Amino acid sequence: MRLKKAIILSLFMLCVGVSHAQHIAISNNLLFDAAGALSAGVELPLSKATSIEAYGSVRPWKRGNQSVHKHWSVQTQYRIWPCQVMNGFFFGPYIHAAEFNIGNRDLCFGLLKGLKPNRYEGWLIGGGLGCGYELAIAKHWNIGAEAGIGYTYVNSKKYDCERCGRLKDDDAYNYVGLSRLALSLIYVF
């Protein structure tokens, strides 16, 4: 139910910006690409100093025979641009939600250390505050980088192995820390 509310709120926030949009940007997070996921975002200006971004990622396939890493996620961010919209420094709050099925693999930076011998299936929802920078590199092309710190509620079930394992634990936990990271290639219409 919380995931549905997050998706509806994201779509509503995106639709509010459509009527005031002077130009639109489409982005791709290169970090998701490196992890084998498909990702895309749309950003719309709301005024000369604010914009809204809706972003999604999906990975519907397995990675090899022994590990699994499937997910879908959505994020929406309200951005404040002190100088010029879609160029330079920005900051703003964001919300995110996802469903995942991941196991028998290690993640970067030692995140979720118990992941290798187990499989986790569940969902998450949260938000935080992000800041970043976009740089125009050509008439229609920008590159951007962003990091965000926030809170995420994670609800998951832990299984013995990838497919056939028995349920070991049904757990929920609260995470506070880095919850948004992007290195983006952006096309501005």
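Please read all numbers here as calculations on a predicted model, not as lab measurements. Along each chain, numbering runs from 1 in the same order as the chain's sequence is written. Where local features are concerned, this predicted model is filtered to residues with pLDDT of at least 70; where side-chain atom pairs are given and counted, the filter is 80 or more; whole-chain, interface and lining totals use all residues. As a rule here, side-chain values cover all heavy atoms of the structure and leave hydrogens and water aside.

Q: Any chance you could explain the pairing of strand 7 (residues 141-159) here in plain terms?
A: Looking down a regular strand, the side chains alternate between one sheet face and the other. Two strands make a pair as long as DSSP finds a minimum of two bridges between them. Secondary structure follows DSSP: runs of H or I at least 4 residues long count as helices, runs of E at least 2 residues long count as strands, and numbering of each begins at the N terminus. Sheet topology places strand 6 (residues 119-136) next to strand 7; 18 bridges connect them, and they run antiparallel. Each bridged residue has a counterpart across the sheet, and for Leu129 the counterpart in strand 7 is Ile149. What sits between strand 6 and strand 7 in their antiparallel hairpin is a turn of 4 residues. One ladder, built from 19 bridges, connects strand 7 with strand 8 (residues 167-188); its direction is antiparallel. Residue Tyr159 lies in a different strand from strand 8, and its bridge partner there is Leu167.

Q: Looking at this model, I keep getting lost on the nonpolar core. Mind explaining?
A: Here is a general trend for soluble globular proteins: nonpolar side chains tend to be buried in one another's company. Listed in full, the 7 residues of the largest apolar core are Ala25, Trp81, Val85, Met86, Phe90, Ile186 and Val188. Residue contacts follow a heavy-atom distance rule, with two residues in contact if any of their heavy atoms lie within 4.5 Å. Excluding anything up to four places from it in sequence, Met86 contacts His23, Ala25, Glu43, Leu44, Pro45, Trp81, Glu134, Asn142 and Val188. Of all hydrophobic cores here, the second largest spans 6 residues; its members include Ala98, Phe100, Ile102 and Tyr120. As used here, the term nonpolar core means buried Ala, Val, Leu, Ile, Met, Phe, Trp, Tyr and Cys residues forming a set that is joined through side-chain atoms within 4.5 Å. Only protein chains enter the accessibility calculation, which uses a 1.4 Å probe. A residue is then buried if its area is under 20% of the maximum for its type, exposed if over 50%, and partly exposed in between.

Q: I keep staring at the packing of aromatic side chains and nothing clicks. Help me out?
A: The relation between two aromatic rings is expressed through the spacing of the ring centres and the mutual angle of the planes. Only Phe, Tyr and Trp rings are paired, with Trp represented by its six-membered ring, and only when their centres lie within 6.5 Å; those with planes under 30 degrees apart are stacked, over 60 edge-to-face, the remainder tilted. With the rule as written, the count across this model stands at 6 aromatic pairs. On the numbers, 4.8 Å between centres and 40° between planes, the contact of Trp81 with Phe90 is tilted. The two residues Trp81 and Phe90 agree in class, both being buried. An angle of 70° between the planes, with centres 5.0 Å apart, marks the rings of Trp141 and Tyr187 as edge-to-face. In this pair, Trp141 sits in strand 7 while Tyr187 sits in strand 8, placing the two residues 46 residues apart along the sequence. Among the residues examined, Trp141 registers a relative accessible area of 37% and is labelled partly exposed. Put simply, the rings of Trp141, Tyr187 and Phe189 touch in pairs and so form one group of aromatic residues. A cation sits over an aromatic face here: Arg79 above Phe90, 4.2 Å from the ring centre. Look at NZ for Lys and CZ for Arg. If either is within 6 Å of the ring centre and within 35 degrees of the ring normal, a charge sits over the ring. Above the face of the Tyr94 ring, Arg180 is positioned so that its terminal group lies 5.5 Å from the ring centre.

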